[in-house]
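# Understanding the architecture of this molecule
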Amino acid sequence: MIPPGTEAALLDSWGYFLHLATILTPLFIGASFLVGLAQEYLPPERVEEMLRSRDHGSGNVLAAGLGAVTPFCSCSTVPILAGLLSAGAPTGMAFSFLLASPIVNWIAVFLLFGLFGTGVTVAYVTTALLAAIVAGLIIGTFDLDGYVKDVRITTGGREIATDGGASATDAAGADDAASGCSECGTTATRRSHKERVTAAGEGALSFFRDTLPYIAVGIAIGALIHGAVPAEFLQRIAGPENPLATPLAALAGAPVYVSISGMLPIAHSLTEAGIPIGTVIAFVIGGAGISIPNLILLNKLFERRLLAIYATTVVTIGITVGVLFNTVFAGLI
């Protein structure tokens, strides 16, 4: 016998699933198109070239900005990071890029706007970028170069070394499929604008198809939270009465993170259940920054101490931004 209220809860979840899918699908495709354009006009080599000529300070600002508008996946972010470090870029500047890249990107911005509105989106992007810049400036004051491993990374038809011999030599037959990532690819450097736009459009549809399972899972989990999980239960765990809710949320995001597109529907459902927006933001930042796949890739480049510094920095940013949302921004957004 079906427990009383189960059918109504499932119907509510199904309706919420369709609601989120209707909102997020066009936004995700549009954001993916901008991702494609960014990769066409700002390929990894160009990003490295722009950042190598900058010093600590102004370089941190540019690095955080480029990390936000060039939303490469982790398998592409890490080689760019390796290229910067091998060319002698300040560690703090490289960290500003590394911190901004997973936390702020076109997809996150579009989905945040669709789910939470303009105020939350603007506040999120502004505080996350400032946090990446400030954190990079602070990290740059320490001598951490010795904690970067001596490795060689082959990606996109080139080889990058972090052993002091910055090289970008051709590596025939090498491609991003070797890294196990379907989102990365080599961009042709001589194309007409029409060809670039066409490629970006085709890439957006392909990326959507590849990411659809993660979006569907995220929306499904969010729908179940909305329709089947009692709001009182969630509020007891992560509500405003729990002083440790925001720090715990920043840590809890990592083991459940798959992609930002799957994370944000869950975040929206939590806010609908009465969880403070700052606690939810901390959950998203922690998941995006210290997800298990991201840490595995960074472990190839960083010694454990530097990896721990990175993870601690991400959690600190998540907690700080979360507290700001729950206090300073509470009455403004």
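Look up: the structure comes first, before these words.
Residues numbered from 1 in each chain as written. Predicted model: local features only at pLDDT ≥ 70, side-chain atom pairs only at ≥ 80, totals over all residues. Heavy atoms only, no water.

### Looking at the overall build of the protein
Looking only at helices and strands, the protein has 14 helices and 3 strands in total. Expressed as a percentage of the 333 residues in the protein, the buried residues total 48%. In the protein, the share of contacts with a sequence separation of at least 24, taken over all contacts with a separation of at least 6, comes to 79%. Accessible area of the protein: about 15200 Å², with a carbon and sulfur share of 64%. (Helix = DSSP H or I, 4+ residues; strand = E, 2+ residues; numbered from the N terminus. Buried < 20%, exposed > 50% of the residue type's maximum accessible area, 1.4 Å probe, protein only. Contact = heavy atoms within 4.5 Å. Areas by Shrake-Rupley, 256 points an atom, 1.4 Å probe, with all protein chains shown as cover.)

### What to know about helix α3 (residues 58–69)
For α3, with 12 residues, the first-to-last C-alpha span of 17 Å sits near the 16 Å given by 1.5 Å per residue. Every buried residue belonging to α3 is among G59, N60, A63, A64, L66, G67 and A68, and all of these are buried. Buried-residue contacts for α3 involve α2 (44–52), α5 (91–103), α6 (106–116) and α7 (118–139). (Expected span 1.5 Å × (residues − 1).)

### Structural notes on the nonpolar core
Core analysis: the largest hydrophobic core is formed by 83 residues, its most contacted members being Y124, L301, F302 and F325. By residue number, the principal contributor to this core is α7, which donates 10 residues. With sequence-adjacent residues up to four places away left out, Y124 is seen in contact with I103, L112, I281, V284, I285 and F325. (Core = buried A, V, L, I, M, F, W, Y, C linked by side-chain atoms within 4.5 Å.)

### Some details on the packing of aromatic side chains
One pass over the structure, following the stated rule, counts 5 aromatic pairs. Pairing W14 with F17 gives two aromatic rings, centres 5.7 Å apart and planes at 10 degrees, and the pair type is stacked. Placement of the pair is W14 and F17 together in helix α1 (residues 6–41), with a separation of 3 residues, close to one helical turn. Between the aromatic rings of F28 and F208, the centroid separation amounts to 6.0 Å while the plane-to-plane angle is 50 degrees, which identifies the pairing as tilted. Linking F28 in helix α1 with F208 in helix α8 (residues 193–228), this pair joins segments that are 180 residues apart in sequence. F208 carries the same exposure label as F28, and that label is buried. Put simply, the rings of F95, F302 and Y310 touch in pairs and so form one group of aromatic residues. Positioned above the aromatic ring of Y41, the side-chain terminus of R196 is 4.9 Å from the ring centre. (Phe/Tyr/Trp six-rings, centres within 6.5 Å; stacked < 30°, edge-to-face > 60°. Lys NZ or Arg CZ within 6 Å of the ring centre and 35° of its normal.)

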